[in-house]
Amino acid sequence: GDPRICRAAANLSSSVDRKLDFLVDEIQKFKIDIAGIQETKWFGKDVWRAADSTFLHSGRPLPAEGEIARRNEGVGILLNSEYTTKWKRGGEQWTAVNSWIISARILIGAKDDLLPTGERRRSDYFLTIVNVYAPTAKAPPNVKNNFMSDLEETVAGVPDGDVMVLLGDFNARVGSRQMSADGLGRFQGDAVDDFVWGNTIGPFGLGQCNESGEELLMFCTAHQLAIMNTFYRVRTQS
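Residues numbered from 1 in each chain as written. Predicted model: local features only at pLDDT ≥ 70, side-chain atom pairs only at ≥ 80, totals over all residues. Heavy atoms only, no water.

### A few points about the packing of aromatic side chains
All chains considered together, the criterion is met by four aromatic pairs. Centroid distance W42 to F55: 5.8 Å. Interplanar angle 80 degrees. Geometry classified as edge-to-face. A residue pair is termed long-range when its members are at least 10 positions apart, and W42 in the loop between β2 (34–38) and β3 (45–50) and F55 in strand β4 (residues 53–58) qualify at 13 residues. Across this residue pair, the class does not change: W42 and F55 are buried. Taking the centre distance of 6.2 Å and the plane angle of 15 degrees together, the rings of W48 and F55 count as stacked. Ring pairs connect the aromatic residues W42, W48 and F55, which therefore count as one cluster. Over the ring of Y83 we find K86; its NZ or CZ atom is 5.4 Å from the centre of that ring. (Phe/Tyr/Trp six-rings, centres within 6.5 Å; stacked < 30°, edge-to-face > 60°. Helix = DSSP H or I, 4+ residues; strand = E, 2+ residues; numbered from the N terminus. Buried < 20%, exposed > 50% of the residue type's maximum accessible area, 1.4 Å probe, protein only. Lys NZ or Arg CZ within 6 Å of the ring centre and 35° of its normal.)

What follows is the structure, encoded as structure tokens:
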């Protein structure tokens, strides 16, 4: 079936093995196939195995001898046993872009392509996961600009025909679109034209749109992406 994709954000700065065991237990408990993890604060780019699951990680380079170890950022993609197998069958494709961005390409199945001659050709199709941890609003402008440039390049490099899912912690608030009586989407607190963002945003976002949120909306609209957690109501804790 379709993967149940979960974004998880956690401070994982302690023991790799202990935290991985915890994450694997969690995805098994909640029956999650693929989880995006942000802010691991681990160093290096590596593939770790935990039980039957696989964790792909992209962090800061290991500090040189005598250099101060600054633990920041770090992103990963955790695959359960089923999607570990699919990823291996697809050639174990993944890219550790930097400590902010990581991607993985997973073989999902096969499909029939209709050729101009009317014949059908069987071909594989893939799911590409891009997981990010975006710089905060307080980050220097060059850091934020480099992040967006690297993200643009990563998304542009996704092969045609792949299903792409972009997930992560964007450190942004996009607000929400109110639905008026005539069915037109209107943004809460923003004097924005109803049709600026199209189907990019839904009616269940949180808070007011900030500068980072507007940048995210522009990026998603340009790439025809929808911010899915604004399209369903989040269950509140009692």
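### Comments concerning the sheet that holds strand β6 (residues 93–96)
Taken in spatial order, the four strands of this open sheet run β6-β7-β8-β9, and their pairing is mixed. Whereas interior strands pair on both sides, the edge strands pair on one side only; in this sheet they are β6 and β9 (163–169). On average, adjacent strands in this sheet sit at an angle of 20 degrees to one another, irrespective of strand direction. The pairing of β6 with strand β7 (residues 101–114) spans four bridges and is antiparallel. Residue pairing in the sheet places Q93 in a bridge with R105 of β7. (Pairing = 2+ DSSP bridges. Axes fitted to C-alpha atoms, helices over the stretch in contact; angles between N-to-C directions.)

### Description of the side chain of N80
Mapped onto the secondary structure, N80 falls in the loop between β5 (75–79) and α2 (81–89). With relative accessibility at 14%, the residue N80 sits in the buried group. Only 3.2 Å separates the side chain of N80 from the backbone nitrogen of E82, close enough to count as a polar contact. Within the structure, N80 has its side chain in polar contact with the backbone nitrogen of Y83 (distance 2.9 Å). Residues within four places of N80 in sequence aside, it is in contact with I27, I32, D33, D52 and S53. (Polar contact = N/O pair within 3.5 Å; in protein donor to acceptor, adjacent residues only side chain to side chain. Contact = heavy atoms within 4.5 Å.)

### Thoughts on the environment of I106
Looking at the element boundaries, I106 is found in strand β7. For the pair I106 and V163, spaced 57 residues apart in sequence, the C-alpha to C-alpha distance is 9.8 Å. The contact partners of I106, leaving out residues within four places of it in the chain, are I34, L79, Y83, K86, W87, Y125, F126, L127 and I129.

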